Structures are given as structure tokens and as C-alpha cells.
Amino acid sequence: MKKEAKIKPFWYSDVWLFPKLITIVTTLDEQGRVNAAPYSHIMQYDVMAKNARMIVGFRQDSHSFKNIKATGEFVVNCPSAEHLDEMMETAKFYPEGVNELEHTGLTMIPSLRVSPPSIKECPQIAECSVDEVIHLEKSSGIIIGKIEALVFDEELIDLPREERIRRMNLPIGLGDESRMDYFHGVNYDITMHKLGEPKDAFKGGEVQLGMTWEADALQSLMTIPPGVRKMVTDQTENFAQEQQQDKVTLALFQQLAREAGMSDEFFDRFRAK
Ligand SMILES: Cc1cc2nc3c(=O)[nH]c(=O)nc-3n(C[C@H](O)[C@H](O)[C@H](O)COP(=O)(O)O)c2cc1C
């Protein structure tokens, strides 16, 4: 049997369990004083690279929200699980103008592209400027932040994913009770699942090539979703013939995609990484 729960203020934490990213947002006030506080109401907003953006939700009277509106910049720092106590320290209601980081062992370092500092102990950092501010009536202030830089500890950037996950050791926010007791998931088990293909995924995916394709063009073609691969093959070969080419190159394949209104970025989403 299922039972409906009442939707009440702080439903996203007290009622609905919403595992989340834990971050410490650093900002400057108009006088250049540093502020730091944890935020986990955060999510990707625009996933494309051209105008990559994140969405972050604040109490409208929080120092962070006011500072971001005043200065147009903020940094999202993701602490690893070893720094949860320090993260919690920055959540305390210190008066305006107090740099919460000074009450922790966390270290400020200059950011690469924005003025608020970054936190050295955080392996993953997003430097952001303000794209849009939304004031929800009698509710949250939402900042849509343009990502100016995604910054990582150098030695982590090229690690295979599982090792990167383990080394970063990001805690998972599991909500709180009455804004007093905060729960976090740490040292979790990591499982990996292969997506695989549905049973008849390749129905329509087999391609009969009518002309020569250069290896990188063919590789790109094979990353097009099987359902549209045949159509894309035929269109590309027609296009190559129109262009009086005797083979399909990657450049030609991409040119057609652009002319058909599908950017490289669009295809990238379907490309096996
Ligand atoms: C783990 C954690 C996550 C939090 N996430 C948010 C959040 O997403 N939005 C929010 O308004 N407050 C959040 N808070 C509460 C703020 O951090 C807290 O109100 C803080 O004092 C605000 O500081 P500021 O006024 O310096 O911005 C969170 C607190 C913790 C401990």
C-alpha cells in the first residue's frame, strides 16, 4: 500500500528524500569581504557547452544571494567528505561581513576567472557569473549562473571515472531534520551499470555504405543513434555526390549536420565517450 504525504514547507528535505551535491558557495560583498555558506539546491541548467549554466537556489535574505546580486559573481566549491565538519561550520548564522572560512581550516585561493576566492581543499569547483536572477514570490531566490570555468585538482582531471569518483570522495547530501540535524552519505559503494541496447536496437541501424567513408567519418556515423543512422547515411552520401566528392570525410559529414540544423554539440550527445 502507498500513502500520500502532506506537502509542507521544506518538503524537499523533510518529506521527499532528495540526495544532493554538497557545495560551499563563496562570494564577495560590495566591500570585497568574503562570505561562504553551504548550498545544495543546485543543478545543471543548460547542458550545452556554448552557454553552460547552473541553477542555484537561495534564501532571498541570505548573505550569499545578496552578494551575488550585488557583485554578479560566485564560486561553487565541492568539498570532499573529509571536510564535512568544516562545511557545517560555514552554515552557521554568522553576522554579515564575517568570513566563515576563517572559522574553519579551509584555505582560500584565487579563482581563475572571477573575483570571489575558491577553496583549495575542494577538488571540484565551478566559477560562475550571473546570467539571470529569479525572485520567487515569498520563496527562494534563484540564480542562473553562467559557468566561467570548471576547475579540478590537476591530478584528478584525466583519471578514469571510477578512480576520479573515489578520489574526489564527494559526500551526498541526504537532507536535514528541522534545519538542525544534517544527514550525509559518505564512503558509498559505487556500482557501474552498462546501458546496453534494447533487444531490437539495431533494427534500422545496419548501414549499407554506397561510397567510401574516411575512418573518422565512419566512426562518427556509428555514434549516431541506430534508429536514424540509415537515414543519415543516405543523406550524407547524397550530399557528398552533390558536392562532387568521391568519399565522405568527417568535415563533410559535419558540414551536412550543420546545414541540417544539427550542431556538432548535438551529435556529441549521442557519441560514445
Ligand atoms: C548541507 C547544507 C546545504 C544547504 N543548502 C542550502 C540551499 O541549497 N539553499 C539555501 O538557501 N540554504 C541552504 N543551506 C543553509 C545555508 O547554508 C545557511 O542558511 C547559511 O547560513 C546561509 O549563509 P549566508 O547567509 O552566508 O549565505 C544549506 C545548509 C547546509 C548545511
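Residues numbered from 1 in each chain as written. Predicted model: local features only at pLDDT ≥ 70, side-chain atom pairs only at ≥ 80, totals over all residues.

**With respect to the domain arrangement of the protein**
Splitting the protein by domain gives domain 1 (11–185) and domain 2 (212–268). A straight line from the C-alpha centre of domain 1 to that of domain 2 covers 41 Å. (Domains from an automatic or database assignment.)

**Section: helix α7 (residues 250–259)**
Restricting attention to buried positions, one finds in α7 the residues F253, L256 and A257. The buried residues of α7 occupy one face: seen down the axis, they fall within an arc of 100 degrees. Of the exposed residues in α7, the ones pointing more than 90 degrees away from its buried face are A251, R258 and E259. (Buried ≥ 20, exposed ≤ 12 C-beta atoms within 10 Å, placed from the backbone. Helix = DSSP H or I, 4+ residues; strand = E, 2+ residues; numbered from the N terminus. Arc of directions from axis to C-beta.)

**Quick notes on the pairing of strand β4 (residues 42–46)**
Pairing of β4 with strand β5 (residues 53–59), which is carried by 4 bridges, proceeds in the antiparallel orientation. When the sheet's bridge partners are listed, D46 is paired in β5 with R53. Between the antiparallel neighbours β4 and β5 lie 6 residues. (Pairing = 2+ DSSP bridges.)

**Brief notes about the site of the ligand**
Near the ligand there are 18 residues, and of these A37, H41, S62, H63 and S64 occur at the shortest range. Elements represented by at least two residues in the shell around the ligand include exactly β3 (34–39), β5 and α2 (63–71). Top contributing element to the shell around the ligand by residue count: β3, with 4 residues. Of the residues that constitute the shell around the ligand, the class distribution is 9 nonpolar, 8 polar and 1 charged. (Near = placed C-beta within 6 Å. Nonpolar A, V, L, I, M, F, W, Y, C, P; charged D, E, K, R; others polar.)

**What to know about the sheet that holds strand β11 (residues 172–177)**
If you walk across this open sheet you meet the 3 strands as β1-β11-β12, and the pairing is antiparallel. Edge strands, defined here as strands with exactly one partner in the open sheet, are β1 (20–21) and β12 (181–185). Two strands pair when backbone bridges link them, and β11 and β12 are joined in this way by 4 bridges, in the antiparallel orientation. Residue pairing in the sheet places E177 in a bridge with D181 of β12.

**What to know about the sheet that holds β3**
Pairing is antiparallel in the open sheet, where 7 strands are placed in the order β3-β2-β6-β9-β10-β5-β4. The outermost strands of the open sheet, each flanked by one partner alone, are β3 and β4. Pairwise comparison of adjacent strand axes, ignoring direction, gives a mean angle of 35 degrees for this sheet. With 7 bridges connecting them, β5 and strand β10 (residues 140–152) associate as antiparallel partners. (Axes fitted to C-alpha atoms, helices over the stretch in contact; angles between N-to-C directions.)

**Topic: the pairing of β11**
Pairing of β1 with β11, which is carried by 2 bridges, proceeds in the antiparallel orientation. Across the sheet, K20 pairs through a bridge with G173, a residue of β11. Hairpin connection between β11 and β12: a loop of 3 residues separates the two successive antiparallel strands, and S178 in this loop has a positive phi of roughly 55 degrees.

**Here we look at the packing of helix α6 (residues 226–242) against α7**
Put simply, α6 and α7 touch, their axes get as near as 10 Å, and they point 105 degrees apart. Here α6 lies roughly perpendicular to α7, going by the angle between them. In this structure, α6 uses Q235, T236, F239 and A240 to contact α7, whose residues at the interface are L252, F253 and L256. Along the lines of polarity and charge, the residues of the contact of α6 with α7 split into 5 nonpolar, 2 polar and no charged. (Parallel < 35°, antiparallel > 145°, perpendicular 65-115°, else oblique. Contact = placed C-beta atoms within 7 Å.)

**Notes on the environment of M222**
With respect to the helices and strands, the residue M222 is situated in the loop between α5 (215–221) and α6. Taking the C-alpha atoms as reference, M222 lies 38 Å from S80; in sequence the two are 142 residues apart.

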